[in-house]
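What the coordinates show
Given next are the chains, with one letter for each unit.
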Amino acid sequence: MPSSGHRLRDVEHHPLLSENDNYDSSSSSSSEADVADRVWFIRDGCGMICAVMTWLLVVYADFVVTFVMLLPSKDFWYSVVNGVIFNCLAVLALSSHLRTMLTDPGAVPKGNATKEYMESLQLKPGEVIYKCPKCCCIKPERAHHCSICKRCIRKMDHHCPWVNNCVGEKNQRFFVLFTMYIALSSVHALVLCGLQFISCVRGQWTECSDFSPPITVILLIFLCLEGLLFFTFTAVMFGTQIHSICNDETEIERLKSEKPTWERRLRWEGMKSVFGGPPSLLWMNPFVGFRFRHLQMRPRKGGPEFSV
């Protein structure tokens, strides 16, 4: 976050818009309720490729677990129990990924730095507000501009290409759930791989899988590597996210060593503010608050995102 002096220079060099300015703010003058009814999506090539890769890797893991390890097993209940657990974790992980990717992370409306909007704020005499020169919006406290989303994001933690979105005030919960479920499914897959290798070594390789031994070994080794990489990455991200929430400090604020000017919500208060309400099983549910929306393409100017 820029220092106060820098922000003041931004205000001086980029004054608030007047009625006669040519900036087109018609596409961003909608209310917060209208914005909430739209599905958010960032049209970034790298992010979309990473998101598709994430889904393909999860589908690959599910294929190996189901068709290479569980279905050929002679133990019926072993296959059923582990199949249900792994597929539930995979569904929850992908659902959390979708919610993270398609949820507005807390974008500030573009072009709201107008005299009319200023008057509606009913500011006190001498009160200072800041304007982002890149998206021409009034910049709330703790908001940062994302160069990929082309928007200022409230409580922006970071931009993650794997979910093709920023992690911010409104979707941090789903990102935490995504990292948690991927880490759990990775551990489960690694345990199943270990048991499968032991079973095949003790018995006959031709009987422990419907695939040929060389193909079975290759599929299992690749799944082990994928599980190790996914677990390491998501476990670290899950830990840093929980630490940030409990300390009410985003990753950007921590890296820039910014002194807090807000009243911090520590530990459980921070968790409640992100996950909503007192601790319950609903915290683990990525479908909470989900509702189907009427899909209608609405082109927008000045940014890589579109809303439906």
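Residues numbered from 1 in each chain as written. Predicted model: local features only at pLDDT ≥ 70, side-chain atom pairs only at ≥ 80, totals over all residues. Heavy atoms only, no water.

1. Re the overall build of the protein chain
Each helix and strand counted, the protein chain has nine helices and eight strands in total. For the protein chain, the proportion of contacts with a sequence separation of at least 24, taken over those separated by at least 6, is 72%. Surface exposure of the protein chain reaches about 16800 Å², of which carbon and sulfur atoms provide 65%. (Helix = DSSP H or I, 4+ residues; strand = E, 2+ residues; numbered from the N terminus. Contact = heavy atoms within 4.5 Å. Areas by Shrake-Rupley, 256 points an atom, 1.4 Å probe, with all protein chains shown as cover.)

2. Quick notes on unusual backbone geometry
Peptide bonds are, in most cases, trans, and in most cases residues other than glycine have a negative phi. Residues other than glycine seldom take positive phi values, yet K155 does so here, at roughly 50°. Along the polypeptide, K155 turns up in the loop between β5 (151-154) and β6 (158-160).

3. Quick word on the pattern of salt bridges
Applying the stated criterion across every chain, the model contains five salt bridges. R142 is the partner of D248 in a salt bridge, and the nearest nitrogen-oxygen pair spans 3.1 Å. On the criterion of sequence distance, the pair formed by D248 in the loop between α7 (213-247) and α8 (251-255) and R142 in the loop between β3 (137-139) and β4 (143-146) is long-range, its members being 106 residues apart. For the pair D248 and R142, one class covers both residues: buried. The network of salt bridges with shared partners includes R142, K155, D248 and E253. (Salt bridge = Lys/Arg side-chain N within 4 Å of Asp/Glu carboxyl O. Buried < 20%, exposed > 50% of the residue type's maximum accessible area, 1.4 Å probe, protein only.)

4. Focus on the pairing of β5
By the alternation rule, side chains of β5 split into R151 and I153 and C152 and R154, which are all buried. With four bridges connecting them, β4 and β5 associate as antiparallel partners. When the sheet's bridge partners are listed, C146 is paired in β5 with R151. What sits between the antiparallel neighbours β4 and β5 is a turn of four residues, in which K150 has the positive phi angle 60°. (Pairing = 2+ DSSP bridges.)

5. With respect to the packing of aromatic side chains
Enumeration over the complete set of coordinates arrives at seven aromatic pairs. Residues Y60 and F222 carry aromatic rings whose centres are separated by 5.1 Å and whose planes lie at 85° to one another, so their mutual orientation is edge-to-face. In this pair, Y60 is assigned in helix α3 (residues 45-70) and F222 in helix α7, connecting sequence segments 162 residues apart. When the ring of W268 is compared with that of W283, the centres are 6.0 Å apart and the planes differ by 40°; the resulting orientation is tilted. Of this pair, W268 sits in helix α9 (residues 268-275) while W283 sits in the loop between α9 and β8 (305-307), placing them 15 residues apart in sequence. Among the residues examined, W268 registers a relative accessible area of 53% and is labelled exposed. Through successive ring pairs, a cluster of aromatic residues spans F63, F67 and F211. (Phe/Tyr/Trp six-rings, centres within 6.5 Å; stacked < 30°, edge-to-face > 60°.)

6. A word on the state of the cysteines
Scanning all chains against the criterion turns up one disulfide. With a sulfur-sulfur separation of 2.0 Å, C200 is cross-linked through a disulfide to C208. Judged by the torsion about the S-S bond (100°), the C200/C208 disulfide is right-handed. Judged on exposure class, the residue C200 and its partner C208 are both buried. For the unlinked cysteine C149, the closest cysteine sulfur is that of C166, found at 3.5 Å. (Disulfide = S-S within 2.5 Å.)

7. Describing the confidence of the model for the protein chain
Taken as a whole, the protein chain shows an average pLDDT of 80; of its residues, 80% reach a score of 70 or greater. Residue range residues 1-33 is modelled with pLDDT below 50. Its contacts to residues more than four positions away, or to other chains, number 52 contacts. (pLDDT = per-residue confidence, 0-100.)

8. Some thoughts on a nonpolar patch on the surface
On the surface, F76, W77, V80, V81, V84 and I85 cluster together to form a nonpolar patch covering roughly 590 Å² of accessible area. In this fold, V81 is placed in helix α4 (residues 76-102). Using a relative accessible area of 43% as the deciding quantity, one classes V81 as partly exposed. (Patch = residues over 30% accessible without salt bridge, like charges linked within 9 Å, V, L, I, M, F, W, Y side chains within 5 Å.)

9. Focus: the environment of C149
With respect to the secondary-structure elements, C149 resides in the loop between β4 and β5. Judged by its relative accessible area of 0%, C149 falls in the buried class. The spatial distance from the C-alpha of C149 to the C-alpha of R43 is 8.6 Å, given a sequence separation of 106 residues.

10. Comments concerning the packing of α3 against α7
The interhelical angle for the contact between α3 and α7, taken along N-to-C directions, is 135°, at an axis separation of 10 Å. When the axis of α3 is compared with that of α7, the two are oblique. The interaxial crossing formed by α3 with α7 has left-handed handedness. For the pair α3 and α7, contact is made by L57, V58, Y60, A61, V64, V65, V68 and M69 and by T216, L219, L220, F222, L223, E226 and F230, respectively. Among the residues forming the contact of α3 with α7, the class breakdown is 13 nonpolar, one polar and one charged. (Axes fitted to C-alpha atoms, helices over the stretch in contact; angles between N-to-C directions. Parallel < 35°, antiparallel > 145°, perpendicular 65-115°, else oblique. Left-handed = near helix turned anticlockwise from the far one by under 90°. Nonpolar A, V, L, I, M, F, W, Y, C, P; charged D, E, K, R; others polar.)

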